[in-house]
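The chain contents come next:
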Amino acid sequence: MNDSFGSRATLRAGGREFRLARLDALEKRGHQVSRLPYALRILLENLLRREDGSVVTADEIEALAGWDARALPSREIAFMPARVLLQDFTGVPAVVDLAAMRDAMVAMGGDPKRINPLQPVELVIDHSVQVDEYGTAAAFLINAGKEFERNRERYAFLRWGQTAFSNFRVVPPDTGIVHQVNLEYLARVVMEGEVGGERYLYPDTLVGTDSHTTMVNGLGVLGWGVGGIEAEAAMLGQPVSMLIPQVVGFRLVGQLPEGATATDLVLTVTQMLRKRGVVGMFVEFFGPGLASLPLADRATIGNMAPEYGATCGIFPVDQVALDYLTFTGRPPEQVAIVEAYMKEQGLFHAADSPEPSYTDVLELDLGTVEPSLAGPRRPQDRVRLSDVKPSFLKELETMTAAGRTGKARPVAFGLQSAGGTAAGLAIAEPEVSAEEDRTATALQHGSVVIAAITSCTNTSNPSVMLAAGLLARKAVERGLSTRPWVKTSLAPGSKVVTEYYREAGLTPYLDRLGFNLVGYGCTTCIGNSGPLPAAISKAIEERDLVAVAVLSGNRNFEGRINSDVRANYLASPPLVVAYALAGRIDIDFQSEPIGQGSDGRAVYLRDLWPSRREVEETILRALRSEMFREQYGDVFTGDEHWNGLDVPEGDTYAWDPASTYVRRPPYFVDMPAEPAPVQDVRGARVLGLFGDSITTDHISPAGSIKVASPAGKYLIEHGVAPKDFNSYGARRGNHEVMMRGTFANIRIRNRMVPEIEGGFTVHLPDGEPLSIYDAAMRYKQEGIPTVVLAGQEYGTGSSRDWAAKGPLLQGVRAVIAESFERIHRSNLVGMGIAPLEFLNGDSAASLGLTGYEVIDIDGLAAGIESDFKGGREVTVRATRDDGRVTEFKARVRLDTPQEIQYYRHGGILHYVLRQLLKAQE
């Protein structure tokens, strides 16, 4: 390693001696490192420690140290995270890819063990539990049992990965949510490891295959979400290529008022930052308001960085962070090391610390935060609690009008309807009791049919969780109960939550209201809400009702939560309980009673809402440091189900050709040692023409698989009964299912078929209506490439690599959009799909594009060949049936030289595999 700045030094901490790369060495070169944002100081240390004259040069270190807050990002750096974090939905396909790369390495004469993580990789199984059983004492055991029954093969595959790969650990199912486990246990804040044969200390940094990896930003740990393919490259020692970002400062002043929660705060922050526009930027929180903001509240704000569009939303390490580490059971010597290192490096924030320079600054007085929800479709659409009723009624007009314009007619598209048959299999109608029928008749527009305390965002926060329990206790004491049509669930992010609920004596009250423990996992927030009771589902369908879900999550995109529910609202856990009691979203809690008590008197929300003092006293009484040590003492061990799995052996995986869960992907089959030359796009057809805010849930849903869908037909043809379909998320290790599920969201609208809702298109030039998958396969058979046209914020939402893998396997060569969300753009590049942006305010609408044109893209091959030295613009020609041509320019969003290399090789994993082969020669 080089040391151009004389930064190598020794530090004694925690009773031991370590080496470090001192940031203040750059002060001697005239750089004001102390005025850099804390997040950039962490990046700067990452480069300084890794300077080698090749991957990291002294010039790049100087460029970051001399950061210009106002400059547009243009300088590339190579960031190497200290560790990688996975969850099972994204982790299984990541391990599948690594296993396939081992096969390819063998086929090309290499050593399969070269495909191995070079730094710590931790995977938490948290996305697979579904809410099948609810409202009963047995719910957790039943759901956990079904989870293992459905996912045994996936879990055995992950167990194989544990033995086949070094530096790879798995937290078994029914333990907690990945980001809460990361915050409460896995995060080190300061890492120690070997650098050039010496023991070094350095900041804990990470990338994760879940966009809410940013939750750990609340603890001062720099990290963000990436696609699985980018994470795999990082595991294999490939640095994350990035441009030095702009950093927006967010000043917090004052204190939260009585009645406002951390959820209300983060919804306010999300709305403000979305309005400002921070896509691709870092956001850093500072100001006197930090002192009054507990670590859990900071984590809640960091968690939702993807919702406000930022790469990360970080808080600096301060005394609050140190106290949290101690309270959550980190060893004293580790806390001492964190304190000593952070203070030595100027990374510790105190009241008298100089204020960093920022690209821009927003300010929020915490005292102005009001109780709020967000919905019915996007996290940034905040609605004050007092405005929810009129806001919903206004939205209802649009939703019911949309329903009247027509829905998907699957029979016309060569698919049987979900209530009929598919592939010759009869689907029996579930039995409905008379009581369920009576309950269903009470449903109306706005009925809340799902009330879920779920998701890492809030279940890691004791203040809002205990507020929900206290509200439940008061409701039960007043004689209230939840409405019978509401599916209630409690899915904590760790076992610590159920421990402090039990200690506070609140569990019986939550149980009485139907908020029984259903599992430790993401459940409803990821789309694993499970089916609604048959009568409820039938009534919603037959009467075309706009039913509502209220959940304490971070995502409420269309079609994500439950296929029967069209309006989804994010809310704090106590408000989730309140809406379960009310049973409807169109209630004005200020003027309307939430229900009638056992004494016959009206009960209002204000009568039930716990005071801040009540919550704080309950936290002090019920939450103890020992709980964290006890629950995380054997976190990697697992139960008898986990340890009893039949685990395959060997350095390469023995693929089962009959498996419907784990299949060898085709990416590396017959891969040549050198990439073929890049070709321009000629004679392409448009697979879909979409509007704004198309999410990765629209492109690659994670929820239920419909019987009538291409994926459902595939599973039935392979002997899987509908009751065993599981979800798209659980099937991500099978490319056959996932490519059929691409663009299969029931709420997506392709403007090529405006009267149809769902994943449909027309095959051209004959105009035959087909599912998008079937049309894509026909185009592939005909040797015709395809493109996708879209509006603004294409690919917003989860860091879902299948939203890029699926289109690739469907034959998509390019996506032309008005703008891209950060992670999805990277994923497209990582899979060899060209992300192109309209220029000069152009859009598909302004250019008169209908999707029925033939598309040619000129200049892509020449630009790649010259590393875009002549500029990143290409020419797109859209030719109509009558021969008229619309020509326009588009910008190629290959933002760094490294991304150009990835694209040239057909994707990031192909590039890495070829590099590893060359290194072995």
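Residues numbered from 1 in each chain as written. Predicted model: local features only at pLDDT ≥ 70, side-chain atom pairs only at ≥ 80, totals over all residues. Heavy atoms only, no water.

1. Here we look at the overall build of the protein chain
The condition that has to hold: In DSSP terms, a helix is any run of H or I states spanning at least four residues, a strand is any run of E spanning at least two, and both are numbered starting from the N terminus. Values of the radius of gyration come from C-alpha atoms, whereas the globule rule sets the reference at 2.2 Å times the count of residues to the power 0.38. Buried means the residue's accessible area, taken with a 1.4 Å probe over protein chains only, is under 20% of the maximum for its type, while exposed means over 50%, and partly exposed covers the values in between. Whether two residues are in contact is decided by their heavy atoms, any of which lying within 4.5 Å being enough. A positive count includes Lys and Arg, and a negative count includes Asp and Glu. His and the chain ends are not counted in either. Charge positions come from single atoms, namely NZ of Lys, CZ of Arg, CG of Asp or CD of Glu.
Summing up its helical and strand segments, the protein chain has 32 helices and 34 strands in all. Taking 921 residues into account, the globule formula puts the C-alpha radius of gyration at 29 Å, and the protein chain, at 27 Å, falls close to it. Projecting the C-alpha coordinates of the protein chain onto the three principal axes gives extents of approximately 80 × 70 × 55 Å. Here the protein chain holds 921 residues, and 63% of them are scored as buried. At a minimum sequence separation of 6, the contacts of the protein chain that also span at least 24 residues come to 78%. Computed over 94 positive and 115 negative side-chain charges, the separation of the two mean positions in the protein chain equals 1 Å.

2. As for the packing of helix α10 (residues 319-327) against helix α11 (residues 332-344)
Which entries qualify depends on this criterion: Every axis corresponds to a line fitted to the C-alpha atoms, with the helix fit spanning only the stretch in contact, and the corresponding angles, defined between N-to-C directions, vary from 0 to 180 degrees. With respect to orientation, any angle under 35 degrees is reported as roughly parallel, any angle over 145 as roughly antiparallel, any angle of 65 to 115 as roughly perpendicular, and every other angle as oblique. For a crossing to be left-handed, the near helix must be turned anticlockwise from the far one by less than a right angle; the clockwise case is right-handed. Amino acid classes used here: Ala, Val, Leu, Ile, Met, Phe, Trp, Tyr, Cys and Pro are nonpolar; Asp, Glu, Lys and Arg are charged; the rest, including Gly, are polar.
Two elements in contact, α10 and α11, have axes whose closest approach is 9 Å; the angle formed by their N-to-C orientations is 165°. What the angle tells us is that α10 and α11 run roughly antiparallel. As for how α10 packs across α11, the hand of that crossing is right-handed. Here Leu-322, Leu-325 and Thr-326 of α10 come into contact with α11, specifically with Val-335, Val-338 and Glu-339. Looking at the contact of α10 with α11 residue by residue, the classes come out as 4 nonpolar, 1 polar and 1 charged.

3. As for the side chain of Asn-217
Position of Asn-217 among the secondary structure elements: in the loop between β9 (205-208) and β10 (222-225). Judged by relative accessible area, Asn-217 falls into the buried class, the value being 0%. When neighbours within four sequence positions are excluded, Asn-217 is seen to be in contact with Leu-222, Gly-223, Cys-312, Gly-313, Ile-314 and Phe-315.

4. A closer look at the pattern of salt bridges
What counts here: Definition used for salt bridges: Asp or Glu carboxyl oxygen within 4 Å of a side-chain nitrogen of Lys or Arg.
Tallying each qualifying case throughout the model produces 59 salt bridges. For the salt bridge of Glu-45 with Arg-49, the shortest nitrogen-to-oxygen distance reads 2.8 Å. In this pair, Glu-45 and Arg-49 both sit in helix α1 (residues 38-49), 4 residues apart, roughly one turn of the helix. Comparing Glu-45 with Arg-49, the two get one shared label, buried. Across the pair Glu-768 and Arg-778 runs a salt bridge, and its minimum N-O distance is 2.6 Å.

5. A word on the pairing of strand β33 (residues 873-879)
Put simply, the rule is: One requirement defines pairing of two strands: DSSP has to find at least two bridges between them.
With 5 bridges joining them, strand β32 (residues 854-858) and β33 adopt antiparallel strand pairing. Residue pairing across strands places Asp-856 opposite Arg-877, the latter belonging to β33. The pairing of β33 with strand β34 (residues 885-892) spans 7 bridges and is classified as antiparallel. Bridge pairing links Glu-873 to Arg-891 in β34.

6. Considerations on the environment of Leu-466
Its place among the elements puts Leu-466 in helix α15 (residues 462-477). Measuring from C-alpha to C-alpha, the distance between Leu-466 and Ile-857 comes to 57 Å, with 391 residues separating the pair along the chain. The contact partners of Leu-466, leaving out residues within four places of it in the chain, are Tyr-500, Tyr-501, Ala-504, Leu-506, Thr-618 and Ile-619.

7. Regarding the sheet that holds β33
Within a sheet, adjacent strands bond to each other through the backbone by hydrogen bonds, running parallel or antiparallel. With respect to topology, 7 strands assemble into a closed barrel ordered β26-β29-β30-β31-β34-β33-β32, the strand pairing being mixed. Ignoring which end each strand starts from, the neighbouring axes of this sheet average 35° apart. Its contacts with the sheet place helix α27 (residues 772-782) against β26 (681-689) and β29 (786-789), and it is angled at close to 170° to β26.

8. Side note on unusual backbone geometry
Following Gly-375, the chain continues into Pro-376 via a peptide bond in cis, with omega recorded as 10°. Cis geometry is found at the peptide bond from Leu-764 to Pro-765, where omega equals 15°. The topology assignment puts Pro-765 in the loop between β27 (760-763) and β28 (768-771). Although it is not a glycine, Asp-174 adopts a positive phi angle of roughly 65°. Secondary-structure assignment places Asp-174 in the loop between β6 (168-171) and α5 (178-186).

9. So, the sheet that holds strand β12 (residues 247-253)
Read from one edge of the open sheet, 4 strands run β14-β13-β12-β15, paired in parallel fashion. Sheet topology places β14 (312-314) and β15 (360-365) at the edges, where each strand pairs with a single neighbour. When strand polarity is set aside, the average angle formed by the axes of neighbouring strands in this sheet is 20°. As defined by bridge partners, β12 adjoins β15 across 6 bridges and the pair is classed as parallel. In the strand pairing of β15, Arg-251 is matched with Glu-363.

10. Thoughts on the pairing of strand β7 (residues 190-195)
For β7 and strand β8 (residues 198-203), the ladder comprises 6 bridges, and the chain directions are antiparallel. The partner of Met-191 across the bridge, within β8, is Tyr-202. The antiparallel pairing of β7 with β8 creates a hairpin that spans 2 residues between the two strands, and Gly-196 there sits at a positive phi of about 60°.

11. Digging into the packing of helix α16 (residues 495-504) against helix α21 (residues 612-622)
The relative placement of two packed helices is expressed as an angle between their axes plus a distance between the axes. It is the contact of α16 with α21, at a shortest axis distance of 9 Å, that shows an interaxial angle of 105°. With respect to each other, α16 and α21 are oriented roughly perpendicular. Contacts between α16 and α21 involve Tyr-500, Glu-503 and Ala-504 from the former and Thr-618, Arg-621 and Ala-622 from the latter. Of the residues that constitute the contact of α16 with α21, the class distribution is 3 nonpolar, 1 polar and 2 charged.

12. Considering the confidence of the model for the protein chain
This is how the line gets drawn: Confidence scores here are pLDDT values: one per residue, from the predictor, ranging 0 to 100.
The pLDDT averaged across the protein chain works out to 93; a share of 96% of its residues lies at or above 70. Within the model, pLDDT remains below 50 along residues 404-427, and this stretch shows 48 contacts once partners closer than five positions in the same chain are excluded.

13. Focus on the packing of aromatic side chains
What counts here: Pairing of aromatic rings covers Phe, Tyr and Trp, the last through its six-membered ring, and needs centres within 6.5 Å; plane angles under 30 degrees mean stacked, over 60 mean edge-to-face, and all others mean tilted.
On inspection of all chains with the given rule, the structure shows 24 aromatic pairs. Aromatic side chains Phe-690 and Phe-743 sit 5.4 Å apart centroid to centroid with 15° between the ring planes, which places their arrangement in the stacked category. With Phe-690 in the loop between β26 and α24 (696-699) and Phe-743 in the loop between α26 (735-741) and β27, the pair connects residues that are 53 residues apart, well separated along the chain. The pair formed by Phe-690 and Phe-743 is uniform in burial state, with each residue classed as buried.

14. Things to note about the environment of Gly-469
Here Gly-469 shows up in helix α15. The sequence separation of Gly-469 and Thr-523 amounts to 54 residues, and the corresponding C-alpha distance is 19 Å. When neighbours within four sequence positions are excluded, Gly-469 is seen to be in contact with Tyr-501, Leu-506 and Leu-510.

15. Some remarks on the side chain of Glu-51
To be explicit about the condition: Think of a polar contact as two N or O atoms within 3.5 Å of one another; within protein, one of them needs to be a possible hydrogen donor and the other a possible acceptor, and neighboring residues in sequence only count if both atoms come from side chains.
Among the secondary structure elements, Glu-51 is positioned in the loop between α1 and α2 (58-65). Within the structure, Glu-51 has its side chain in polar contact with the side chain of Ser-4 (distance 2.4 Å). For Glu-51, the contacting residues outside a window of four places in its chain are Met-1, Asn-2, Asp-3, Ser-4, Phe-5, Val-56, Thr-57, Ala-58 and Ile-61.

16. Some remarks on the state of the cysteines
To keep it simple, the criterion reads: The criterion for a disulfide is a pair of cysteine sulfur atoms lying within 2.5 Å.
The final tally for this structure, using the stated rule, is 0 disulfides. We note that Cys-312 lacks a disulfide partner, and the nearest cysteine sulfur, in Cys-456, lies 16 Å from it. Here Cys-456 is not cross-linked by a disulfide; its sulfur's nearest cysteine counterpart is in Cys-522, at 5.8 Å. With a relative accessible area of 5%, Cys-456 lands in the buried category.

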